[in-house]
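Descriptive structure summary
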Amino acid sequence: MGELQVDKTEFTTKLKTLLAGETPVFPSEATTLEYAQTLDAQDELRHLRDQFIIPTRRFIKKKALDGTIPGVTTTTTNGTVNGNADDDTPVVYFVGNSLGAQPKAVRRHLEAHLETWASIGVNGHFNALSNSPLTSWQDLAADCALKSTNLVGAASPSEIVIMNSLTTNLHLLMASFYRPTATRHKILLEWRPFPSDWYAIQSQISWHGFDPETSMVEIQPSSSSSSPNLYLPTSAILAAIDAHADSAALLLLPGIQYYTGQLFDMRRITAYAQARGIVVGWDLAHAAGNVELALHDWNVDFAVWCTYKYINAGPGAIAGAFIHSRHGGVEFDHATNRHVFRPRLSGWYGNDKSVRFNMDKTFQPTPGAAGFQLSNPSAVDLASLSAALSVFNMTDMAALRAKSVVITAYAEFLLDELLAAAAAGETEEKPAFSIITPRNPAERGAQLSILLWAGLLERVSKALAEEGIMFDARKPDVIRIAPVPMYCTFEDVWRFVEVFRGAISA
Ligand SMILES: *Cc1c(COP(=O)(O)O)cnc(C)c1O
């Protein structure tokens, strides 16, 4: 891996061409606020922050609705007259790995939806009003699939379906892609999966009449790697695939591990498992909208993702699924006079639009991923998602990833400076933490997970919260921060580390 000096030149432009394999390197002056501000001034994506509502500290303390919206309401009744000027500072929003910040477009899209519904009622199903950012309700899911194509690297929107939520989609796609037999019945998964994925896999195995004790194979990190032993090397995954090559039906892994932030080599792992007859699915909850994906080219069988983390569509918003084009075909078999397609659990919205409203008993799925839909999707949900995706379509994942690599490395650099200062005895600080996210930028997304010395979590959490820093705590000792490139600044990173420094040395 090469190195990229992050000086006061145009780093984003440079990174667009140099990204592959480069590790950002910062000069010693990078510890100053001025340096952070210089990087912000060069950031070609800085205008995207204006597309979001970043609450101020005063808004974060709100206890009752009062009709005010940060950045939208200009005059408020409870201004800063008697308050603290700090209260008007935007918070540091480092929780896009949990719930992305609100795009301003969401309000416009929801208002457009409400006006359409109020004005033309049921006719909104098939008609769109001019001046509206929305299509007709019937076309909204397809419109969101179209806007998601580059985000996940589909060959065309027909490989994407927007429906339900993540765990539901995991079940629906396992219903189609996990077809256990007496000899091939295992599902390979990682050792610390997000609980919902665990429950989904466990219940699928039981539901098919197999025993999770024998059919559920947790891939463990190799015992030789250094502690804290959370890193799951590709070699351990490939070894597990080999060990279960004849008995595994499905490999189901996260693109990015939610706890450590480790990004897996999806292309290599997919090819390796498929070469051994194993179907491959990916849970992209933490990868979609965070890192570049090429699901079609990687030949991934299926993938699922939620849209409320890095995609910013709002809490519990409608989710996405990818089904490779080679699994979505619908053929007419003249011999049997039937449509032939991959087995699935079906509903009327998977039925082809040309025949959907005939209300008869023949199921003829829409070709592609859309044929996996069950129900009429929520227009409110889709309006919100289409707003969030409209912001992604102002840029591209390559540009976002370029900034992401640098801003995350900057956070790592400043944290490492704290450790170095403590180690050199320049201060009385003890090494109060370690970073459990992989050091290699190619093996992580925007998130850094920080393992704190036992007993520090409460103190650190309190200090960060008091200074308007939003982060995520995982008991007993981990905090996760995500300097999301779309709306976070280098100054945010600098401010976070300043507060963090104070908290661990207090
Ligand atoms: C966030 C997340 C989920 C959440 O599932 P929902 O069905 O959207 O509630 C599931 N799995 C992983 C890996 C996640 O990161």
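Only a predicted model underlies this, so the values are computations on that prediction, with no experimental measurement involved. (Residues numbered from 1 in each chain as written. Predicted model: local features only at pLDDT ≥ 70, side-chain atom pairs only at ≥ 80, totals over all residues. Heavy atoms only, no water.)

1. Brief notes about the domain arrangement of the protein chain
Looking at the protein chain, the domain boundaries give domain 1 (3-44 + 396-505), domain 2 (104-141) and domain 3 (142-389). On a C-alpha basis, the centres of domain 2 and domain 3 stand 30 Å from each other. With 14 residues of domain 2 in contact, the opposing surface of domain 3 contributes 19 residues. A per-residue breakdown of the area domain 2 buries against domain 3 is headed by Gln138, Leu140 and Ala141, which together make up 43% of the total. Two residues, lysine 353 and aspartate 139, come together in a salt bridge whose shortest N-O distance is 2.6 Å. Secondary-structure elements contributing two or more residues to the side of domain 2 that touches domain 3 are helix H4 (104-120) and helix H5 (137-152). In terms of residue class, the side of domain 2 that touches domain 3 is built from eight nonpolar, five polar and one charged. (Domains from an automatic or database assignment. Contact = heavy atoms within 4.5 Å. Buried area = accessible area lost by both parts, 1.4 Å probe. Salt bridge = Lys/Arg side-chain N within 4 Å of Asp/Glu carboxyl O. Helix = DSSP H or I, 4+ residues; strand = E, 2+ residues; numbered from the N terminus. Nonpolar A, V, L, I, M, F, W, Y, C, P; charged D, E, K, R; others polar.)

2. Focus on the UniProt feature "binding site: pyridoxal 5'-phosphate" (unreviewed entry) in the protein chain
Sites flagged by UniProt as "binding site: pyridoxal 5'-phosphate" (unreviewed entry) map to Leu166, Thr167, Phe194, Pro195, Ser196, Asp197, Asp283, His286, Tyr308, Trp348 and Asn376. In terms of the greatest pairwise C-alpha distance, the residues named above, spread along 211 residues, do not form a single cluster, extending to 31.2 Å across. With respect to the secondary-structure elements, leucine 166 resides in helix H6 (residues 166-177). Leave out the neighbours within four places in its chain, and leucine 166 touches Asp283, Ala285, Val304, Trp305, Cys306 and Ala319. Mapped onto the secondary structure, histidine 286 falls in the loop between strand S10 (279-283) and strand S11 (302-305). For histidine 286, the contacting residues outside a window of four places in its chain are Asn97, Ile256, Tyr258, Lys309, Tyr310, Gln447 and Arg480. (UniProt positions renumbered as here; feature names shortened; annotations may be inferred.)

3. Some remarks on the layout of surface pockets
Of the volumes computed, that of the second largest pocket is approximately 390 Å³. Lining the second largest pocket are 22 residues, and of these Ile53, Pro55, Leu99, Ala101 and Gln102 sit closest to its centre. Secondary-structure elements contributing two or more residues to the lining of the second largest pocket are helix H3 (57-60), strand S5 (102-103) and H4. A per-element tally of the lining of the second largest pocket places H4 first, with three residues. Counted by class, the lining of the second largest pocket contains 14 nonpolar, six polar and two charged residues. Two domains each put at least three residues into the lining of the second largest pocket: domain 2 (104-141) and domain 3 (142-389). (1 Å grid on protein atoms, 1.4 Å probe; cavity = no way out; pocket = protein on both sides within 12 Å on 5 of 7 lines; lining within 4 Å. Points joined across faces, edges and corners; volume = space filled by probe spheres on them.)

4. What about the site of the ligand?
Surveying the vicinity of the ligand reveals the residues Leu166, Thr167, Phe194, Asp197, Asp283, Ala285, His286, Tyr308 and Lys309. Between an oxygen atom of the ligand and a side-chain N or O atom of histidine 286, the distance comes to 3.2 Å. Note that an oxygen atom of the ligand is positioned 2.5 Å from one of the side-chain N or O atoms of tyrosine 308. About the coverage of the ligand: the protein hides 85% of its 390 Å² of free accessible area. Residue classes in the shell around the ligand are distributed as four nonpolar, two polar and three charged. (Near = heavy atom within 4 Å. Polar contact = N/O pair within 3.5 Å; in protein donor to acceptor, adjacent residues only side chain to side chain. Areas by Shrake-Rupley, 256 points an atom, 1.4 Å probe, with all protein chains shown as cover.)

5. Thoughts on the pairing of strand S14 (residues 338-341)
Remember that side chains alternate between the two faces of the sheet whenever the strand is regular. Of the pairings in the sheet, the one linking strand S13 (residues 330-333) to S14 comprises four bridges and is antiparallel in character. Among the inter-strand pairings, phenylalanine 332 is bridged to a residue of S14, identified as histidine 339. Between S13 and S14, which pair antiparallel and follow one another directly, the connecting turn spans four residues, one of which, asparagine 337, has a positive phi of 65 degrees. (Pairing = 2+ DSSP bridges.)

6. What to know about the nonpolar core
Counting 116 residues, the largest nonpolar core has Tyr410, Phe433, Phe496 and Phe500 as its most contacted members. Sequence-distant contacts of tyrosine 410, defined by excluding residues within four places in its chain, comprise Phe26, Ala30, Thr32, Tyr35, Ala36, Phe490, Val493 and Trp494. Core analysis: the next-biggest nonpolar cluster, separate from the first, contains 26 residues, Phe177, Leu189, Ala200 and Val304 among them. (Core = buried A, V, L, I, M, F, W, Y, C linked by side-chain atoms within 4.5 Å. Buried < 20%, exposed > 50% of the residue type's maximum accessible area, 1.4 Å probe, protein only.)

7. Looking at H4
With 17 residues, H4 extends 25 Å between its outermost C-alpha atoms, agreeing within 8% with the 24 Å of an ideal straight helix rising 1.5 Å per residue. All buried positions along H4 are accounted for by Ala105, Val106, His109, Ala112, His113 and Thr116. When H4 is viewed along its axis, its buried side chains cluster within an angular range of 130 degrees and face the same direction. Structural note: H4 exposes Glu115 and Ala118 on the side pointing more than 90 degrees away from its buried face. As for H4, its buried residues are in contact with S5, H5 and helix H12 (379-392). Just beyond H4, the residue with positive phi is glycine 121, at close to 50 degrees. (Expected span 1.5 Å × (residues − 1). Arc of directions from axis to C-beta.)

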